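Residues per chain, in single letters:
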Amino acid sequence: MNKTPHIEVDREGMVSKTILLPGDPLRARFIAETYLENPVRFNTVRNAFGYTGTYHGKDISVMGTGMGMPSIGIYSYELIHNYGVENLIRVGSCGAFQPNLKLYDIIIGISASTNSNFASQFGLPGTYAPTASWKLVEKAVNIAREKGTPVNIGNILSSDIFYDDDPDSWKKWAGMGVLAVEMEAAALYMNAARAGANALCILTVSDSLVTHEATTSEERQTAFTKMMEIALELA
Ligand code: HPA
């Protein structure tokens, strides 16, 4: 298939079986231009730039998903069902909930709690626990160990709300050991699980709800590079 409502490619096979998914389409372009050999752009619909190239000789794609679960829900669904993608790796930023987490720390979301209604479509007779694929978690942790890059592995929160009317609501999640907040992983994990695909979310801490510190854009780059080196080797 060459065309879906939100992705258009010139020919079949332009999207690799493994894709990195930053939220920001310009970040996708940066990743393609910085890390990939011979990147070819496969999508420009809605400026959700997508590229395929190679990293150390292995095919890999990268595409911006936009912010929030509705957006990543759309792109991940089409990538899996219409473009044959099997491994979907979100690379993003997050706000830390725990005092031990410092700016630029790397987090692997082994599970993603959520305040979203996304799971209701599946009509489950209970509460679903969106989970990363063990295969990708294990591989990412092994890569991080080999590189000597420390990673924090745990439950993250995929929130529908950035500007929360209750500024303290995050403390309840923190009290349950949730590491940090972002806005996409739970939908990605659910879509992948439903389709038998593999998904993972790797994050760098860009701000802390505990200390109210936030990163500057240039400082973010170094931490981002470490996260990218783990993600790219998952190809
Ligand atoms: N909230 C939600 N998503 C985020 C945050 C945050 O504080 N920081 C980075 N992504």
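Source: prediction; values computed, not measured.

What counts as what
Residues numbered from 1 in each chain as written. Predicted model: local features only at pLDDT ≥ 70, side-chain atom pairs only at ≥ 80, totals over all residues. Heavy atoms only, no water. Buried < 20%, exposed > 50% of the residue type's maximum accessible area, 1.4 Å probe, protein only. Helix = DSSP H or I, 4+ residues; strand = E, 2+ residues; numbered from the N terminus. Pairing = 2+ DSSP bridges. Axes fitted to C-alpha atoms, helices over the stretch in contact; angles between N-to-C directions. Parallel < 35°, antiparallel > 145°, perpendicular 65-115°, else oblique. Left-handed = near helix turned anticlockwise from the far one by under 90°. Contact = heavy atoms within 4.5 Å. Near = heavy atom within 4 Å. Polar contact = N/O pair within 3.5 Å; in protein donor to acceptor, adjacent residues only side chain to side chain. Areas by Shrake-Rupley, 256 points an atom, 1.4 Å probe, with all protein chains shown as cover. 1 Å grid on protein atoms, 1.4 Å probe; cavity = no way out; pocket = protein on both sides within 12 Å on 5 of 7 lines; lining within 4 Å. Sits in = over half its atoms within 2 Å of the grid points. Nonpolar A, V, L, I, M, F, W, Y, C, P; charged D, E, K, R; others polar.

Caption draft 1: Highlighting the pairing of strand β5 (residues 87–96). With 9 of its 10 residues buried, β5 lies for the most part within the structure. Pairing analysis gives 10 bridges linking β5 to strand β9 (residues 198–208), with the strands arranged parallel. Its bridge partner being in β9, Gly 95 is matched across the sheet by Asp 207. Of the strand pairs in this sheet, β5 and strand β8 (residues 180–182) are connected by 2 bridges, and their pairing is antiparallel. Opposite Ala 96, over in β8, you have Ala 180 as the bridge partner.

Caption draft 2: A look at the packing of helix α2 (residues 69–83) against helix α5 (residues 185–195). Closest axis-to-axis distance for the α2/α5 pair is 8 Å, and the angle between their directions is 25 degrees. Comparing their axes, α5 and α2 come out roughly parallel. In this structure, α2 meets α5 at a crossing whose hand is right-handed. Across the interface between the two elements, Met 69, Ile 72, Gly 73, Ser 76, Tyr 77, Ile 80 and His 81 from α2 touch Ala 186, Ala 187, Leu 188, Asn 191, Ala 192 and Ala 195 from α5.

Caption draft 3: The arrangement of the site of the ligand in detail. Close to the ligand lie Ser 93, Cys 94, Gly 95, Phe 162, Val 181, Glu 182, Met 183, Ser 206 and Asp 207. At a separation of 2.8 Å, a nitrogen atom of the ligand approaches a polar side-chain atom of Asp 207. Burial of the ligand by the protein amounts to 85% of the accessible area it has alone, namely 260 Å². When each cavity is represented as a set of grid points, the ligand is found to reside in the largest pocket. Elements represented by at least two residues in the shell around the ligand include exactly β5, β8 and β9. Looking at side-chain class alone, the shell around the ligand contains 4 nonpolar, 3 polar and 2 charged residues.

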